[in-house]
Amino acid sequence: MRSKLALYGGAIALLLMAGCAGSIAPKHWLPEAIEVPQDGYGSWASVTLSIGPGEFSEGELIAATPDTLFILGYEKLEAYGFNEVAKVHLQSYDANYSALAVWTTIGSLSTISHGVILLISAPVWIITGTIATSSQSHAPHKTVVTGGWKQLQAHCRFPGGMPQSIDRKDIKPKPLKFPDQKSPDQVDTSGGIH
Amino acid sequence: MGSWSQQGGGIPFFLSYRTACVAVVLLLSVLFIAGCGVNTVSKQLIAPAQIRSAQHGSGFLKAHMVAGDMYVLNDWRIDSTQTRIIGNGNHLDWNRELLDSGLCSVLLDSVVIFETNEVHPSAAVSALGLVTVASVAVSIICIANPKACFGSCPTFYVDDGDSLLLQAEGFSSSVAPSLEATDIDALYRAKFSGATTTITMTNEAYETHVVRHADLLAVEKSPPGRIMSTSDKQFWEVLESVAPNVNADQSGMGTSLVADFDGDEWFSLADSTDLSTKEEIELQFPTINGERFGIAIASRQSLMSTYLFYQTLAYMGTGAGEIFAALERRGPAMISEFRSFGEDLGNIEVLLLDSVGNWKSAGVIRETGPLATDMHLLLLPPDVSSPTSVRIRVTKGYWRLDQIALVSVGEQRMPQRIHPSGASRQGNSDPAALAALLDDALTLVTLPGDTVQLIYELPQPPQDYEYFLESRGYYLEWMRENWLEQEDRAMAMQVITNPQSALKTLAADYKRIEAQMEDYFWRSRYAK
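Residues numbered from 1 in each chain as written. Chains lettered and ligands numbered in written order. Predicted model: local features only at pLDDT ≥ 70, side-chain atom pairs only at ≥ 80, totals over all residues. Heavy atoms only, no water.

## Regarding the nonpolar core
Residues and elements named next belong to chain B.
Phase 1: One finds Leu-187, Leu-216, Leu-275, Ile-297, Ile-392, Leu-401 and Ile-404 to be the most contacted residues of the largest nonpolar core, which totals 90 residues.
Phase 2: Beyond its immediate sequence surroundings of up to four residues, Ile-392 is in contact with Glu-279, Glu-280, Ile-281, Leu-283, Ile-297, Ile-348, Glu-349, Val-350 and Ile-404.
Phase 3: Counting 20 residues, the second-largest nonpolar core is a separate cluster that includes Leu-217, Ile-227, Trp-236 and Ala-298. (Core = buried A, V, L, I, M, F, W, Y, C linked by side-chain atoms within 4.5 Å. Buried < 20%, exposed > 50% of the residue type's maximum accessible area, 1.4 Å probe, protein only. Contact = heavy atoms within 4.5 Å.)

## What about a nonpolar patch on the surface?
Phase 1: Together, Leu-119, Ile-120 and Val-124 of chain A make up an exposed nonpolar region whose accessible area comes to about 210 Å².
Phase 2: Within the element layout of this structure, Ile-120 of chain A appears in helix α3 (residues 118-138). (Patch = residues over 30% accessible without salt bridge, like charges linked within 9 Å, V, L, I, M, F, W, Y side chains within 5 Å. Areas by Shrake-Rupley, 256 points an atom, 1.4 Å probe, with all protein chains shown as cover. Salt bridge = Lys/Arg side-chain N within 4 Å of Asp/Glu carboxyl O. Helix = DSSP H or I, 4+ residues; strand = E, 2+ residues; numbered from the N terminus.)

## Focus on the pattern of salt bridges
Residue and element names in this part refer to chain B.
Phase 1: Counted under the stated rule, the structure contains 24 salt bridges over all chains.
Phase 2: Residue Glu-470 is joined to Arg-417 by a salt bridge in which the shortest nitrogen-to-oxygen separation is 2.9 Å. Placement of Glu-470 in strand β27 (residues 465-477) and of Arg-417 in strand β22 (residues 416-418) is noted, with a sequence separation of 53 residues between them.
Phase 3: Taken together, the shared-partner salt bridges connect Glu-280, Glu-282, Glu-349, Arg-391 and Arg-393 into one network.

## Here's the deal with the sheet that holds strand β6 (residues 111-121) of chain B
Residue and element names in this part refer to chain B.
Phase 1: Taken in spatial order, the six strands of this open sheet run β1-β6-β2-β3-β4-β5, and their pairing is antiparallel. Looking at which strands have only one partner, the edges of the open sheet turn out to be β1 (39-46) and β5 (98-107). The sheet shows a mean angle of 30° between the axes of neighbouring strands, direction not considered.
Phase 2: One ladder, built from four bridges, connects strand β2 (residues 61-65) with strand β3 (residues 70-78); its direction is antiparallel. (Pairing = 2+ DSSP bridges. Axes fitted to C-alpha atoms, helices over the stretch in contact; angles between N-to-C directions.)

## So, α3 of chain A
Phase 1: For α3 of chain A, with 21 residues, the first-to-last C-alpha span of 29 Å sits near the 30 Å given by 1.5 Å per residue.
Phase 2: Considered for burial, the residues of α3 of chain A that qualify are Leu-118, Ser-121, Ala-122, Trp-125, Gly-129, Ala-132, Thr-133, Ser-134, Gln-136 and Ser-137 of chain A. (Expected span 1.5 Å × (residues − 1).)

## Remarks on the sheet that holds strand β6 (residues 141-145) of chain A
Residue and element names in this part refer to chain A.
Phase 1: Spatially, six strands are ordered β4-β3-β2-β1-β5-β6 in an open sheet, and the strand pairing comes out antiparallel. Lying at the two open borders of the sheet, with one neighbouring strand each, are β4 (77-81) and β6. Taken over all neighbouring pairs, the strand axes of this sheet differ in orientation by 35° on average, direction set aside.
Phase 2: In the sheet, strand β1 (residues 44-49) pairs with strand β5 (residues 85-91) via six bridges, with the strands oriented antiparallel.

## Considering the environment of Arg-417 of chain B
All names here are of chain B.
Phase 1: Residue Arg-417 is classed as partly exposed on the basis of its relative accessible area of 41%.
Phase 2: Each C-alpha atom of the pair Arg-417 and Val-219 lies 8.9 Å from the other, and the pair is 198 residues apart in sequence.
Phase 3: When residues no more than four places from it in sequence are discounted, the contact partners of Arg-417 are His-213, Asp-215, Leu-216, Leu-217 and Glu-470.
Phase 4: At 2.9 Å, the side chain of Arg-417 and the side chain of Glu-470 are in polar contact. (Polar contact = N/O pair within 3.5 Å; in protein donor to acceptor, adjacent residues only side chain to side chain.)

## What to know about the confidence of the model for chain A
Residue and element names in this part refer to chain A.
Phase 1: Per-chain confidence: chain A averages 80 in pLDDT, with 80% of residues scoring 70 or above.
Phase 2: Mean pLDDT per element in chain A: helix α1 (residues 2-18) is the minimum at 58, and β5 is the maximum at 93.
Phase 3: Note that pLDDT drops below 50 for residues 184-194; the model gives that stretch 35 contacts with residues more than four away or on any other chain. (pLDDT = per-residue confidence, 0-100.)

## Quick look at the packing of helix α4 (residues 304-316) of chain B against helix α5 (residues 320-329) of chain B
Residues and elements named next belong to chain B.
Phase 1: Interaxial distance between α4 and α5 falls to 8 Å at its minimum, and their mutual angle equals 110°. It follows from the interaxial angle that α4 and α5 lie roughly perpendicular. Seen from α4, the contacting residues are Phe-309, Leu-313 and Met-316; seen from α5, they are Ala-320, Ile-323 and Phe-324.
Phase 2: For the contact of α4 with α5, the per-class residue count stands at six nonpolar, no polar and no charged. (Parallel < 35°, antiparallel > 145°, perpendicular 65-115°, else oblique. Nonpolar A, V, L, I, M, F, W, Y, C, P; charged D, E, K, R; others polar.)

## Some words on the packing of aromatic side chains
Phase 1: Evaluation of the coordinates by the stated rule reveals nine aromatic pairs over all chains.
Phase 2: Taking the ring centre of Trp-29 of chain A as reference, the NZ or CZ of Lys-174 of chain A above it sits at 4.5 Å.
Phase 3: The aromatic ring of Trp-236 of chain B is capped on one face by Arg-292 of chain B, whose charged end is 5.5 Å from the ring centroid. (Phe/Tyr/Trp six-rings, centres within 6.5 Å; stacked < 30°, edge-to-face > 60°. Lys NZ or Arg CZ within 6 Å of the ring centre and 35° of its normal.)

## A short note on the pairing of strand β13 (residues 235-242) of chain B
Residue and element names in this part refer to chain B.
Phase 1: Looking at chain direction, strand β12 (residues 226-229) and β13 are connected through four bridges and run antiparallel. Note that in β13 the partner of Ile-227 across the bridge is Glu-237.
Phase 2: The antiparallel hairpin formed by β12 and β13 contains five residues in its connecting segment, where Lys-233 sits at a positive phi of about 65°.

## Quick word on unusual backbone geometry
Phase 1: Omega for the bond connecting Pro-223 of chain B with Pro-224 of chain B falls within 30 degrees of zero, at 10°, which places this linkage in the cis form.
Phase 2: In this chain, Gln-460 of chain B is followed by Pro-461 of chain B through a cis amide linkage whose omega measures -15°.
Phase 3: Examined against the element boundaries, Pro-461 of chain B turns out to sit in the loop between β26 (451-457) and β27.
Phase 4: One non-glycine residue, His-28 of chain A, lies in positive phi territory at about 65°.
Phase 5: Along the chain, the position of His-28 of chain A falls in the loop between α1 and β1.
Phase 6: Here His-28 of chain A falls in the partly exposed class, since its relative accessible area comes to 28%.
Phase 7: Phi at Asp-75 of chain B takes a positive value of approximately 50°, unusual for a residue other than glycine.
Phase 8: Mapped onto the elements of the fold, Asp-75 of chain B is located in strand β3.

## Here's the deal with the side chain of Gln-311 of chain B
Phase 1: Within the fold, Gln-311 of chain B resides in helix α4.
Phase 2: With a relative accessible area of 0%, Gln-311 of chain B lands in the buried category.

## Some thoughts on the side chain of Glu-514 of chain B
All names here are of chain B.
Phase 1: Within the secondary structure layout, Glu-514 lies in helix α10 (residues 507-522).
Phase 2: Within the structure, Glu-514 has its side chain in polar contact with the side chain of Lys-511 (distance 2.8 Å).
Phase 3: In this view, Glu-514 contacts Ser-268, Leu-269, Ala-270 and Gly-397; residues no more than four positions away in its chain are not counted.

## Description of the packing of α4 of chain B against helix α8 (residues 489-497) of chain B
Packed helix pairs are specified by the crossing angle of their axes together with the interaxial distance, meaning the distance between the axes.
All names here are of chain B.
Phase 1: Following both chains from N to C, one finds α4 and α8 inclined at 135°, their axes separated by 7 Å at the closest point. It follows that α4 is oblique to α8 by the angle criterion. For the pair α4 and α8, the sense of crossing is left-handed. Taking contact as the criterion, the partners of Thr-312, Tyr-315 and Met-316 in α4 are, on α8, Arg-489, Met-491, Ala-492, Val-495 and Ile-496. (Left-handed = near helix turned anticlockwise from the far one by under 90°.)

## Focus on the environment of Ile-455 of chain B
Residue and element names in this part refer to chain B.
Phase 1: With respect to the secondary-structure elements, Ile-455 resides in strand β26.
Phase 2: Judged by its relative accessible area of 31%, Ile-455 is partly exposed.
Phase 3: Spatially, the C-alpha atoms of Ile-455 and Thr-198 are 4.5 Å apart, while their sequence positions differ by 257 residues.
Phase 4: Contact partners of Ile-455, with chain neighbours within four places excluded, come to Thr-196, Thr-197, Thr-198, Pro-420, Ser-421 and Gly-422.

Listed below in structure tokens is the structure:
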């Protein structure tokens, strides 16, 4: 019976995770949802470039002007003309959906206490839990493509555009909540358009 | 399901049922609270010119400055000159390092854009919260009343012209081999056409069903007349039928509920001190023509009978098999006495006024089973003319009455027996099942979740016949693990030897669950 429970629990957990959107940011980089109103940094962006197959960049979204996208990557501040960008995938905060996955798994397994009613209650748990967990996992994600670049502004460290008075080489990456983890390095000082 | 089903409640062997349920309730409650920390965020940018119309003080406001620095303000407001925004908060540089904190005054002209972020509890949490509350409620009900969660009888689903409708349950009171019995159920709502029909026999409970035969009985009728069966298995032609007079409903019983065989049932609640307490309802009928009359009643039992049977098994606990074996060894008389415990409760008694104005019993209708509503005819004595007043005496809370009609009765009819001509299990042809049903020396055994389709060749034209299902057999109720917690041999003996006293003892317990029992019972069918 115990192995059966473990098997069912594992199957439910796999089913739950299958439809979920994983985090695209480095571990411990994203704020919790509750921290967002006081967090001064931009969202994590994963940029698909159109300049060649497999060309890709990622980092903190710093600013989006009408023609240029600024990303603070692992090594330096990168700037891309929007004519070079195919797609930008953003994540604004940590969805914390694993709590829902655990909740759903335990809830589904708990239906063994329902006797034969579990024939109804277990599918209700699994279906509702899968939809809820998947929905929560996707909530902080946003994908923006050509024509929608203006939507990126709200997710930038500088939503009003790149401040003229800033020396771009002085822009620092967001410190991780746990400093021992890998973080984006200090930015390159050139800041030129690639 | 596998081995779970044999344990009834499906609880892991290392936990008691009650412990498992309490653990589940507590764990889900903790998770529910933890889930309240799962949020979503909606972000909005506001141009400086529009900030004056924004709702002041609504959470944190980020003011992005021309130079790249930022204020994060709480409790903010626009000052009286409409040129500054004032609030408590932090002033951060472009790398978001703290420059200053406390009361801040920000010149609107120096702000590039404002940003607000509203944090909402996730809708996913609400959805899971609802499921959790419902799930915990089911767990709690199963703690309080495990017997409401399981059980049924051999069930037969028959074509009603649109779909398969539960129209019969076989030998519901035959709970031991020595109680094997023949049961006839009217397929009053069956609508057959064509050369054959298929009746689906299912086992939807934790029971072993042992079926000796399941035959269709066809009785020729003369439309618009119908054919009805009596409790002693006679078939009579019914020529005319009238409903009770709604205007004469002085008892307030809701006469309209029993006017038609339509699924709208009349029922009452059990007595809170003695489950055997009877009640009478009086009905007025218009006079109809005819030579002989009867009372037709479409009814099924409430779940009180199921509760009493399961509670008795729970009291027997680990000794149930031993006690049943002992009852069987003492012969059919002893076990019939035990069964009469339910039958005394279960009669529907019809009373008529005699010549001097006293109410006298005209007979009883007896049918066991809470699942399928069955139509029965009580033939009134030959010398009785069309009665205008009829009383029905039933045990309070024991019956659900769908239709009560005064009928004029014609001739007695003999049925034509139709054996099944084909059988299949779970969609696959099963010659062995068919052979078992055709040979009375053999039996067809079904287990929880089994479905057997039985094919019958119909007389022609099929609409000229009334149909009944005659089933013979018995069934064995499976002991549920969670019932064993209530093992009480003294109470078991009280039920067997002094049922009247037991019905008073059990009244309070039954009243606690009476309201929810029907709902949970129907949701607890076993299906593969």
